Amino acid sequence: MIGKRSGKSTVNGAHFAFTDRWGGVSAVPYEELNLGGAVGDDPGAVRTNRELAAKSLGLDAGRVVWMNQVHGAEVAVVDGPWGERPVPEADAIVTTGRGLALAVLTADCVPVLLADPVAGVAAAAHAGRPGLVAGVVPAALRAMTELGAEPSRIVARTGPAVCGRCYEVPETMRAEVAAVEPAAYAETSWGTPAVDVAAGVHAQLDRLGVCDREQSPVCTLESADHFSYRRDRVTGRLAGYVWLG
């Protein structure tokens, strides 16, 4: 696996992986493994990085499905790569296709990977503060259950993201988020209002009956091994991948 701080796990044939920023070919300020195609990086470097990441995971880069993420709650159900079709605006993708990898891009937001290995259903979701409030994770779960998944069987993994100790927001914004998801109410390490998106996501999953959950301990803003938009503004994007073997 490329990268120093990458993470990969497998549960009953469901595979989960998160990248860090190392092992790619992008130049400053996107060094090295930028996987985002809409952040100003050289498109050729991004293609190479996506191929390197896929190869390191034992995947075919042509069988990885990406989203045009817009901080909403739209869900796309897919059965194969987009090919020549335009990539739709969505913040969650769901599939029953084995060997088809779903990818989500982040640089502080929470990458959410979900799979029911028994039903053969997988999903990837992009949960930033707006997506948490909009309900992108419950929307992804609804799409999965419509395809036969059972919440009690779903395995959930969330990747590196800005933590509640670092995600400072105005008091009014914290109140707006907490009104929708109280578990996201947080305070920075220096005593100002904050939002903990990962805590909010896990609270939503818990209420929906998803018990097998793990959260990355990595805070992207604190980690020099990960991209962080809040820290650097002009920067690359990490990726989370989920697929069924």
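Before any of the text, the structure's been laid out above.
Residues numbered from 1 in each chain as written. Predicted model: local features only at pLDDT ≥ 70, side-chain atom pairs only at ≥ 80, totals over all residues. Heavy atoms only, no water.

## Things to note about the pattern of salt bridges
Between side chains of opposite charge, a pair can form as their charged atoms come close. So the rule is basically this: Here, a salt bridge means any side-chain nitrogen of Lys or Arg that lies within 4 Å of a carboxyl oxygen of Asp or Glu. In this text, helices come from DSSP runs of H or I with a minimum length of four residues, and strands from runs of E with a minimum of two, each type numbered from the N-terminal end. Classification of residues uses two cut-offs on accessible area relative to the type maximum, computed with a 1.4 Å probe and protein chains only: under 20% is buried, over 50% is exposed, and between them is partly exposed.
Enumeration according to the criterion identifies nine salt bridges in this entry. Among the ionic pairs, Arg174 bridges to Glu171, the shortest N-O distance being 2.6 Å. Taken together, the positions of Arg174 and Glu171, both in helix α4 (residues 171-180) and three residues apart, correspond to about one turn of that helix. You can call Arg174 buried: its relative accessible area is 7%. Look at the salt bridges and you will find they share partners, linking Arg157, Asp212 and Glu214 into a network.

## Examining the packing of aromatic side chains
Convention followed: Classification of ring pairs uses Phe, Tyr and Trp, with its six-membered ring standing for Trp, and accepts pairs whose centres are within 6.5 Å; under 30 degrees between planes counts as stacked, over 60 as edge-to-face, and the remaining range as tilted. Charges are assigned to positions over rings by a cutoff of 6 Å between ring centre and Lys NZ or Arg CZ, combined with an angular limit of 35 degrees from the ring normal.
All told, the structure shown has one aromatic pair when counted by the stated rule. With centroids separated by 5.9 Å and ring planes inclined at 75 degrees, the aromatic side chains of Trp66 and Tyr241 adopt a geometry described as edge-to-face. Of this pair, Trp66 sits in the loop between β3 (64-65) and β4 (75-78) while Tyr241 is found in strand β13 (residues 238-244), placing the two residues 175 residues apart along the sequence. You'll find Trp66 and Tyr241 in the same group, each marked buried. Here Arg21 stacks its cationic end above the ring of Trp22, 5.5 Å away from the centre of that ring. Over the ring of Trp66 we find Arg50; its NZ or CZ atom is 3.8 Å from the centre of that ring.

## Some thoughts on the sheet that holds strand β1 (residues 7-11)
Under the convention used in this document: Strands pair, by our definition, only if DSSP identifies at least two bridges between them.
The sheet built from five strands is open, its strands ordered β1-β2-β13-β6-β3 with mixed pairing. Single-partner strands in this sheet number two, and they are β1 and β3. Looking at chain direction, strand β6 (residues 101-106) and β13 are connected through five bridges and run antiparallel. What sits directly across from Val104, in β13, is Gly240.

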